[in-house]
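# Structural features, examined
One-letter residues, chain by chain:
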Amino acid sequence: MSGLRRALWAELAHLARDRFDLALLTVLPLLCLVVMGGMLSGGSPKGLGVMIVDQDHSAASRGVIRAIEASDAVRVIGVGSDLAEAFAAVRQERAVAVVVLPSGLGDGRARAVPRAVEIFYQTAFLSTGVLASTRLQLAVAAELAAQATAQAGLGGVRLLRAPLPGVQVTLLGNPGASLEWYLGLLIGPAVLHLLIAVTTAASLGRELEDGSLAAWARRVGNPAAALVGRFLPHVALGMLWLCLWLLWLTLAQGYRFDGAITLVAVGGALLFVGTAAVSALLIALTGEIATSLSASVIYAGSALAYSGASLPLTGGILFARVWSSVLPLTHFVALEMDQAIGVTLATWAQQAAVLALVPLLAGGAALLVIRRQARRAA
Amino acid sequence: MSFRRAFEGALLEILRTRDLVAVAVISVLFYAFYYPAPYAHQVVERLPIAVVDADHSALSRGILQQLAAAPEVTIAAEVPDMAAATALARTRKVEGILLLPQGLASGVASARPGAGIALWLNGAYLLRAEGVGKSIASAIATVVQQRLAGLSLGQGVPQISVIPRPLFNTTEGYRDYVFPAVANVILEQTLLFAVARLIAERRRKGLWVRGGRAFAGVWAGCATIGTLAGGLYFGLVFWVQDIPHGGNLPALALVVPLFAATVSALGMLVGSLVRSGDDALKLLIPTSIPFVFLSGFAWPLVAMPLWVQALAWTIPVTPATHLFVPLNQMGASLGEVRGALAVLVAQLACFGGLAALRLARRGAIGRGAAV
């Protein structure tokens, strides 16, 4: 039996024997993905609370309130005239925004100081606040324009500026501007990346003796084949969960990659092989499971922040840009997002090649360290 | 064992054991600077876009000049047609395409509909696309309004504008948004890892001593470490990083120890259920990312199905996020966050009671425990 097959069977036998370790690769990812999927399943957030401060009490202000109530992204939770009370609702997190309708909104007279409808929105939870603010701006502006047109027809007074040329914005790869699709593409792979980092480090860590893999390396003969065999079940299960996640997003939730989902899956395989190789390097270098797991949570647990998926790192500090380019998840996210918009095969191949460097470099370094430990111990 | 001996023993073990000090102290210090680093520049900068100027008018040149001055985007290429621009997008040389169509200037001058400008952005990266989209639209609106003013269109008539005003994080900076929320997860997870590992290792080695006073002493020791970490973040780290902070210090002084005690109780409970310290880490580390999102900072809690909301509220970081962010960033009063506070207190009672059942009762039998 080859070293690879021996290591594979030994790992499978361990997983069959150790229900805790098996649950880490089966029950835990299932729970994490079901909960994350459940969280996103409602589609883009709806019913975000809005307080209205109506200082006009006119037909025009009531029209604006009705227009806001018609938007399903937001929900009017109260109409009053006290700004302090409205801001308290924001601090209590009952409301994410306050719309102030000024007095004189509906009288149609020109004034020295132009009146303004103010939309105060909380930005401590930025994504929610910006979403509410955008929807409110659209609803209020559309209603004011409609009222102005009606008044212009009646009184011949133009209330609004001349129409601007519209800017037609198209979002490639996410035509519905779905927060669910965007976060779904990020959360599933990030959760699995961290999970595989933990399970592979813990798996190889079982072979440590006095902080060294020397005895294990001598026993297996060919450490490279033994590493591949040992990590194969982890990578395969990681792939299985990733594919199920992507299929849920596409088949069940109806989103689609403009490129090829299979190319994303290939990228996922490279990500998990790279993750396993980094785990091998961490265990070989630290000689401790706990320290390796701590290092894993640092590099894989915050890899999403460094991937540039929310805030691009152009303009970021040098350390962040360099570290981001070293982390495997950065390149997987780029590869995956590229398939969302459908890039050329050559661009995919470039990203895949960069991703493939991780297992080659980290795995190569791990083998060098392990062989040196074995030589010293001999 | 006396309360005091148990308290000192727990503190000293956390500070003297390499694995524990690495997680409970060094990681906390490290994350304070490591996590905010990719968000340090706060806003989108220099995102490359391609421009197709088919109008070649003073107006289209004005728009391009305005865009060149906008920090959010950089014009990476001006190409003659959409085919060339699309090729750049498909090879990821640019993140967006702006088309200024032929007849734009005359369309604006005559207020003719259909003179539309088109903008394509990479929507897979939704948050940045929305930000950049707004910035480009605003640059265009500025130039067009100036142009209209020059043409005496729209002058002399009253205007009702709609003005968005951000509250609390007034620059809408990413670091000021992400880090105060993720800091709660960092504080929770590092303390959970350390406490669960401490208890699990003591049980594995047969060193756990049962009894109410010993249990309370260890619990207080762990909560002290958590309280100091919370104080460090909300005091020094937020100040050094210039993150909005200190909105309601007296309330924070009350709530931080409650949070630390709740997380410590959960850590003790987990530590009483697993075989070893390594198993505690293996179980808890992968929950870190789901906990970040369940706290409701990126995806609002009200948009989650009820069963997910219910689950989220059983994790200490969820009430913590909805206590610490309002208290620190929004200057909320304790009364205004009473709902989240009640949940945290309920968790404290629940986790504390369960942990005591597992670890304090003298007759209780736990696998691997010294009874």
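Looking at an unreviewed UniProt entry, one finds chain B named ABC transporter permease, with Sphingomonas echinoides as its source organism. Under the heading Subcellular location (unreviewed entry), UniProt records this for chain B: "Cell membrane".

Per an unreviewed UniProt entry, chain A is named ABC transporter permease, and its organism is Sphingomonas echinoides.

Before going further, it helps to examine the overall build of chain A. Per the secondary structure count, chain A includes 15 helices and 5 strands. The C-alpha atoms of chain A give 28 Å as radius of gyration, which overshoots the globular expectation for 378 residues (21 Å, by more than 25%). Counting only C-alpha atoms, chain A reaches 95 × 45 × 40 Å along its principal axes. When each of the 378 residues of chain A is scored for burial, the buried share is 51%.

Next up on the list: the overall build of chain B. Across its full length, chain B carries 14 helices and 5 strands. Computed over its C-alpha atoms, the radius of gyration of chain B comes to 28 Å, more than 25% above the 21 Å expected for a compact globule of 371 residues. A principal-axis box enclosing the C-alpha atoms of chain B has dimensions of 90 × 45 × 40 Å. Counting the 371 residues in chain B, one finds 54% classified as buried. Within chain B, contacts between residues at least 6 apart in sequence are counted, and of these 79% link residues at least 24 apart.

Now for the pairing of strand 2 (residues 73–78) of chain B. Look at any regular strand and the pattern is simple: side chains alternate between the two faces of the sheet. Residues and elements named next belong to chain B. In terms of strand pairing, strand 1 (residues 47–53) meets strand 2 through 5 bridges, oriented parallel. When the bridges of strand 2 are listed, Val 51 appears paired with Glu 78. A crossover connection joins strand 1 to the parallel strand 2 through helix 3 (residues 58–69); in handedness this β-α-β unit is right-handed.

Residue and element names in this part refer to chain A. Mapped onto this structure's residue numbering, the UniProt feature "transmembrane region" (unreviewed entry) falls at residues 20–41, 181–204, 225–248, 260–285, 297–320 and 340–370. Secondary structure over residues 260–285 splits into 96% helix and 0% strand, and the C-alpha atoms at its two ends are 38 Å apart. Along residues 297–320 one finds 42% helix and 0% strand; the C-alpha atoms at either end are 17 Å apart.

Here we come to the packing of helix 11 (residues 289–299) of chain A against helix 2 (residues 18–34) of chain B. Helix packing for two helices is described by the angle between their axes and how far apart those axes are. At a minimum axis separation of 9 Å, helix 11 of chain A and helix 2 of chain B run at an interaxial angle of 20°. Here helix 11 of chain A is positioned roughly parallel relative to helix 2 of chain B, judged by the angle of their axes. Pair helix 11 of chain A / helix 2 of chain B crosses with right-handed handedness. Contact residues: Ala 290, Thr 291 and Ser 294 of chain A in helix 11 of chain A; Asp 19, Ala 22, Val 23 and Ser 27 of chain B in helix 2 of chain B. Here the contact of helix 11 of chain A with helix 2 of chain B is composed, by residue class, of 3 nonpolar, 3 polar and 1 charged.

Attention now goes to the domain arrangement of chain A. Segmenting chain A into domains produces domain 1 (3–41 + 178–377) and domain 2 (48–155). Each of domain 1 of chain A and domain 2 of chain A has a C-alpha centre, and these two points are 47 Å apart.

For the rest of this paragraph, the subject is the domain arrangement of chain B. Parsing chain B into structural domains produces domain 1 (3–39 + 174–359) and domain 2 (47–150). Taking the mean C-alpha position of each, domain 1 of chain B and domain 2 of chain B sit 47 Å from one another.

A few words now on the environment of Thr 262 of chain A. Residues and elements named next belong to chain A. Within the secondary structure layout, Thr 262 lies in helix 10 (residues 261–286). Overall, the presence of 12 C-beta atoms within 10 Å leaves Thr 262 in the exposed class. Taking the C-alpha atoms as reference points, Thr 262 and Gln 339, 77 residues apart in sequence, are found 9.6 Å from one another.

Taken in spatial order, the 5 strands of this open sheet run 2(A)-1(A)-3(A)-4(A)-5(B), and their pairing is mixed. Bordering the open sheet on either side are strand 2 (74–80) of chain A together with strand 5 (160–167) of chain B, each of which pairs with just one other strand. Between one strand axis and the next, the sheet turns by 20° as a mean value, whatever way the strands run. By the bridge criterion, 8 bridges tie strand 4 (residues 115–122) of chain A to strand 5 of chain B in an arrangement that is parallel.

Residues and elements named next belong to chain A. When the terminal C-alpha atoms of helix 1 (residues 3–17) are compared, their 21 Å separation across 15 residues agrees well with the 21 Å that a helix rising 1.5 Å per residue should span. Within helix 1 the residues assigned to the buried category are Ala 7, Leu 8, Glu 11 and Leu 15. With its buried residues spanning 100° around the axis, helix 1 presents them on a single face. Away from the buried face of helix 1 by more than 90 degrees, exposed residues Arg 5, Trp 9, Ala 13, Ala 16 and Arg 17 are located. Against the buried residues of helix 1 lie helix 2 (19–25), helix 7 (179–205), helix 8 (214–220) and helix 9 (223–252).

Turning next to the nonpolar core. Inside soluble globular proteins, nonpolar side chains tend to come together where they are buried. Counting 261 residues, the largest nonpolar core has Val 50, Ala 97 and Val 99 of chain A as its most contacted members. No other element matches helix 7 (residues 174–204) of chain B, which puts 19 residues into this core. Look past the residues within four positions of Val 99 of chain A in its chain and what remains in contact with it is Val 50, Ile 52, Ile 68, Val 117, Ile 119, Leu 136 and Val 140 of chain A.

All names here are of chain B. Residues given the UniProt feature "transmembrane region" (unreviewed entry) here are residues 20–37, 177–200, 212–239, 251–271, 283–308 and 337–357. Across residues 177–200, the secondary structure splits into 100% helix and 0% strand, with the terminal C-alpha atoms separated by 35 Å. The span residues 283–308 is 46% helix and 0% strand, and its two end C-alpha atoms sit 20 Å from each other.

Taken together, the contact between chain B and chain A spans 93 residues of the former and 105 residues of the latter. Of all the elements, helix 6 (residues 126–150) of chain B adds the most residues to the side of chain B that touches chain A, at 11 residues. The residue inventory of the side of chain B that touches chain A, partitioned by class, reads 64 nonpolar, 16 polar and 13 charged.

The next thing to look at is unusual backbone geometry. Residues and elements named next belong to chain B. Unlike most non-glycine residues, His 56 shows phi in positive territory, near 50°. If you trace the backbone, His 56 turns up in the loop between strand 1 and helix 3. Using a count of 12 C-beta atoms within 10 Å as the deciding quantity, one classes His 56 as exposed. Unusually for a residue other than glycine, Arg 92 sits at a positive phi of about 60°.

Here we take up the confidence of the model for chain A. When the pLDDT values of chain A are averaged, the result is 87; 93% of them are 70 or greater. Low pLDDT, under 50, characterises residues 154–165 of chain A; the stretch is placed with 33 contacts to residues that sit more than four places away or in other chains.

Moving on, we come to the packing of helix 7 of chain A against helix 11 of chain A. All names here are of chain A. Packing of helix 7 against helix 11 leaves a shortest axis separation of 10 Å and a crossing angle of 165°. Taken together, the axes of helix 7 and helix 11 lie roughly antiparallel to each other. In terms of crossing hand, the pair formed by helix 7 and helix 11 is right-handed. Residues Ala 197, Val 198, Ala 201, Ala 202 and Gly 205 of helix 7 touch helix 11, and the partners they reach there are Ile 289, Ser 292, Leu 293 and Ser 296. Its residues assigned to classes, the contact of helix 7 with helix 11 comprises 6 nonpolar, 3 polar and no charged.

Parameters at a glance
Residues numbered from 1 in each chain as written. Chains lettered and ligands numbered in written order. Predicted model: local features only at pLDDT ≥ 70, side-chain atom pairs only at ≥ 80, totals over all residues. UniProt positions renumbered as here; feature names shortened; annotations may be inferred. Helix = DSSP H or I, 4+ residues; strand = E, 2+ residues; numbered from the N terminus. Rg over C-alpha atoms; globule rule 2.2 N^0.38 Å. Buried ≥ 20, exposed ≤ 12 C-beta atoms within 10 Å, placed from the backbone. Contact = placed C-beta atoms within 7 Å. Pairing = 2+ DSSP bridges. Right-handed = clockwise from strand over helix to strand, strands pointing away. Axes fitted to C-alpha atoms, helices over the stretch in contact; angles between N-to-C directions. Parallel < 35°, antiparallel > 145°, perpendicular 65-115°, else oblique. Left-handed = near helix turned anticlockwise from the far one by under 90°. Nonpolar A, V, L, I, M, F, W, Y, C, P; charged D, E, K, R; others polar. Domains from an automatic or database assignment. Expected span 1.5 Å × (residues − 1). Arc of directions from axis to C-beta. Core = buried A, V, L, I, M, F, W, Y, C linked by C-beta atoms within 7 Å. pLDDT = per-residue confidence, 0-100.

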